[in-house]
Amino acid sequence: MKHLEVKQINQTFGDVHVLNDVSFSVSEGEFVSILGPSGSGKSTLFGIIGGLTIPNSGDVLLNGNSIKGKRGSISYTPQTPSLLPWRSILDNVLLGQEISGRKDRAKALEMIERAGLSEYKDAHPHELSGGMKQRASFIRSVLSPQSLILLDEPFSALDEFTRTDMQKWLLSMWEEAKRSILFVTHNIEEAIFLSDRIIILSPRPASVLNEYKVPFDRPRREELLLTDEFLQFKKDIYQDMRLAHTT
Amino acid sequence: MMKSLVKQGWRPALVIILLFLIWELCVQLFQVPTWLLPAPTQILEVGITEWGQYSHHVWATVQLIIVGFLIGSSIGILVAIGLHLVPFLKQSTYPLLILSQNIPVIVLAPLLVVWFGFGMLPKIIVITLVCFFPIAISLLDGFRQTDRDLMHYMQMAGASRKQLFWKLEWPNAMPSLFSGLKISATYSVMGAVISEWLGASEGIGYYMTLASSSYRTDRVFVAILIIVALSLLFFIFINWLEKIVIRWRSSGEGGSSETS
Ligand SMILES: Nc1ncnc2c1ncn2[C@@H]1O[C@H](COP(=O)(O)OP(=O)(O)O)[C@@H](O)[C@H]1O
Ligand SMILES: [Mg+2]
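Residues numbered from 1 in each chain as written. Chains lettered and ligands numbered in written order. Predicted model: local features only at pLDDT ≥ 70, side-chain atom pairs only at ≥ 80, totals over all residues. Heavy atoms only, no water.

Under an unreviewed UniProt entry, chain A has the name ABC transporter ATP-binding protein and belongs to Piscibacillus salipiscarius.

See the structure below:
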């Protein structure tokens, strides 16, 4: 059984057809990226999986059970870090657990330490840099009890170097936490570097254009980004997306 | 905070001292009669020597302000929460709420005296009415301004309506609540004095009407001074409370509510 199955989702807002018959799946422990141009409907798709939006048609299954319109079944990290400004980092990180019931402070402190944020556990979000906020936001997702994590372009606001550092950090956390991750991005390189599988969306109305299995071994190192194989793979995907964009 | 107050405050303070000096000199120079315009030194003298005679008026007014403000702001907060949590209520009454702000509460005061007499009740109603609006409106505004991304996060995490309110909307509206409280603080002093003008047996407003009807202009000025001081003290107190409650704001955002 697949961990997550998205089945033939259609979504329109007024006259705008945003998602057109989108189907894909995520296996247990898999890291899957959704790659699509800006405005193609990626965030909308997350809203549907998270139960915030009920699609015009189609279904969302988690471990075989429909979670269409049901909130609280997945753990979500929004496009902006979305930490509560009046809470300390520690209390922010515990928010996901707090909403669903049980708080585990010891675990939270350990994760904060591993993310290099120990010094900031009592600080408020405005005292942190963009990268630190994203790390805190991701820890909050990992600590939440839900087993599937959705990440919506978490690194798009960061500069190049911070982004690469964050990607490496994310991979190391994921390899340990053994959670399934569905990751949204419009950055091809990021998608290849992080994922087991990449799902390419077409421009609006978005449908699944193609699916790639990423052939690179894990654990992946930064050097991979400069190898010929990597660049060739990137080129293939780029041409795929380019073609869809022009036609 | 104290330091910056001294740093920025000395210029306006100098201007005020200068104005008082000119006032003093003019009164002395042109020998203006006391019943028309007393000199600042005369006012100060009366204020100090007669303290024993009018201090109970001050305390009566302070009590009235505090009771009125507490009741008024509690009702304001409760109404805002009610309207926010029940969209139907908000849709049907919010426009009326805004419209009713155009009615000067003062014009209702004589009516309240007719209905409720000269006791504490009509005065508290007047203060409640003037306090209530700024608080209800700014708190509702604060609830409305809740960040959309934070909202989405909380909802997807499965937060209940109660959790959404207490963990997100309420703390998010704190700065707005305090800008409402600051406006209401000064309004409540004004409301108390005006309600005392209309009919009372004690209070600084009553003392003021007595003084003016017997042409004791110096006492009128003493009353004005005390009212200004009360207003200021109350405002400073709310400001201090805000600093205690809202520690999490970065200094950049801190100034936003100061403008109101
Ligand atoms: N609630 C909504 N009402 C109307 N239009 C919407 C709504 N949500 C998203 N859209 C539209 O759907 C399209 C896709 O948006 P989005 O999912 O945010 O794209 P992406 O995340 O891929 O950049 C956009 O054109 C946007 O204007
Ligand atoms: Mg988006």
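S.K.: Looking at this model, I keep getting lost on the overall build of chain B. Mind explaining?
M.R.: When helices and strands are tallied, chain B shows 10 helices and 0 strands. Principal-axis analysis of the C-alpha atoms places the extent of chain B at approximately 75 × 50 × 30 Å. Relative to its 260 residues, chain B shows a buried fraction of 45%. In chain B, once contacts between residues fewer than 6 apart in sequence are set aside, the share between residues at least 24 apart is 71%. (Helix = DSSP H or I, 4+ residues; strand = E, 2+ residues; numbered from the N terminus. Buried < 20%, exposed > 50% of the residue type's maximum accessible area, 1.4 Å probe, protein only. Contact = heavy atoms within 4.5 Å.)

S.K.: In this structure, what is going on with the site of ligand 1? I would like to understand it.
M.R.: Residue and element names in this part refer to chain A. Close to ligand 1 lie F13, V18, P37, S38, G39, S40, G41, K42, S43, T44 and R204. A distance of 2.7 Å separates an oxygen atom of ligand 1 from a polar backbone atom of G39. The separation between an oxygen atom of ligand 1 and a polar main-chain atom of S40 is 3.3 Å. The protein chains hide 58% of the 560 Å² of surface that ligand 1 would expose on its own. The element contributing the most residues to the shell around ligand 1 is helix α1 (residues 42–49), with 3 residues. For the shell around ligand 1, a count of residues per class yields 3 nonpolar, 6 polar and 2 charged. (Near = heavy atom within 4 Å. Polar contact = N/O pair within 3.5 Å; in protein donor to acceptor, adjacent residues only side chain to side chain. Areas by Shrake-Rupley, 256 points an atom, 1.4 Å probe, with all protein chains shown as cover. Nonpolar A, V, L, I, M, F, W, Y, C, P; charged D, E, K, R; others polar.)

S.K.: Would you take a moment to explain the pattern of salt bridges for this structure?
M.R.: Opposite charge on two side chains permits pairing when their charged atoms draw close. For the coordinates displayed, the defined rule picks out 17 salt bridges over all chains. Between A:R87 and A:E98 there is a salt bridge, with its nearest N and O atoms 2.9 Å apart. Taken together, the residues A:R87 in the loop between β6 (75–77) and α2 (89–93) and A:E98 in helix α3 (residues 95–100) connect sequence positions 11 residues apart. Of the charged contacts in the structure, one is a salt bridge between B:R161 and B:E169, with a shortest N-O distance of 3.1 Å. When its relative accessible area of 40% is taken as the criterion, B:R161 is described as partly exposed. Salt bridges here are not isolated pairs; linked through shared partners, they connect A:R87, A:E98, A:K103 and B:K167. (Salt bridge = Lys/Arg side-chain N within 4 Å of Asp/Glu carboxyl O.)

S.K.: How do you make sense of the pairing of strand β3 (residues 31–35) of chain A when you look at a structure like this?
M.R.: Consecutive side chains along a regular strand alternate between the two faces of the sheet. Residue and element names in this part refer to chain A. Burial runs high along β3: 5 of the 5 residues are buried. Side-chain alternation along β3 places F31, S33 and L35 on one buried face and V32 and I34 on a second face that is also buried. Here 5 bridges tie β3 to strand β8 (residues 180–185), and the two strands are oriented parallel to one another. Among the inter-strand pairings, V32 is bridged to a residue of β8, identified as L182. By the bridge criterion, 4 bridges tie β3 to strand β9 (residues 197–201) in an arrangement that is parallel. The residue bridging L35 from the neighbouring strand is I200, located in β9. (Pairing = 2+ DSSP bridges.)

S.K.: What should I look at first to understand the interface of chain A and chain B in this one?
M.R.: Tallying the contact residues gives 26 residues for chain A and 18 residues for chain B. Summed over both sides, the interface between chain A and chain B buries roughly 2000 Å², with carbon and sulfur atoms accounting for 69% of that surface. The tally of links from chain A across to chain B stands at 1 salt bridge. In this structure, A:E98 engages B:K167 in a salt bridge whose closest nitrogen and oxygen atoms are separated by 2.6 Å. Taken together, the connections running from chain A to chain B amount to 6 residue pairs in polar contact (both at pLDDT 80 or more). Those elements that provide at least two residues to the side of chain A that touches chain B are α1 and α3 of chain A. The element that contributes the greatest number of residues to the side of chain A that touches chain B is α3(A), accounting for 4 residues. (Buried area = accessible area lost by both parts, 1.4 Å probe.)

S.K.: Help me out: how do you make sense of the nonpolar core in this one?
M.R.: For soluble globular proteins, the rule of thumb is that nonpolar side chains tend to be buried together. All names here are of chain A. With 88 residues, the main nonpolar core has L4, F24, I49 and L182 as its most contacted residues. Residue assignment places this core across two domains, with domain 1 (2–74 + 147–162 + 177–246) and domain 2 (80–145) each supplying three or more. Beyond its immediate sequence surroundings of up to four residues, L4 is in contact with F24, S25, V26, I49, V60, L61, L62, L148 and L182. (Core = buried A, V, L, I, M, F, W, Y, C linked by side-chain atoms within 4.5 Å. Domains from an automatic or database assignment.)

S.K.: Help me understand the domain arrangement of chain A in this model?
M.R.: Accessible area lost when the parts come together is the quantity often used to give the size of an interface. Residue and element names in this part refer to chain A. Annotation of chain A at the domain level lists domain 1 (2–74 + 147–162 + 177–246) and domain 2 (80–145). Facing 9 residues of domain 1, the contacting portion of domain 2 comprises 8 residues. In total, about 600 Å² of surface goes out of reach between domain 1 and domain 2, with carbon and sulfur atoms giving 64% of it. For the domain 1 face of the interface with domain 2, the top three residues by lost area are I149, L158 and R179, together amounting to 49%. Counting across the domain 1 and domain 2 interface gives 0 salt bridges. Summed over the shared surface of domain 1 and domain 2, the result is 3 residue pairs in polar contact (both at pLDDT 80 or more). Of all the secondary structure elements, the ones that give two or more residues to the side of domain 1 that touches domain 2 are β7 (148–152) and α6 (160–177). For the side of domain 1 that touches domain 2, the class distribution of residues is 6 nonpolar, 2 polar and 1 charged.

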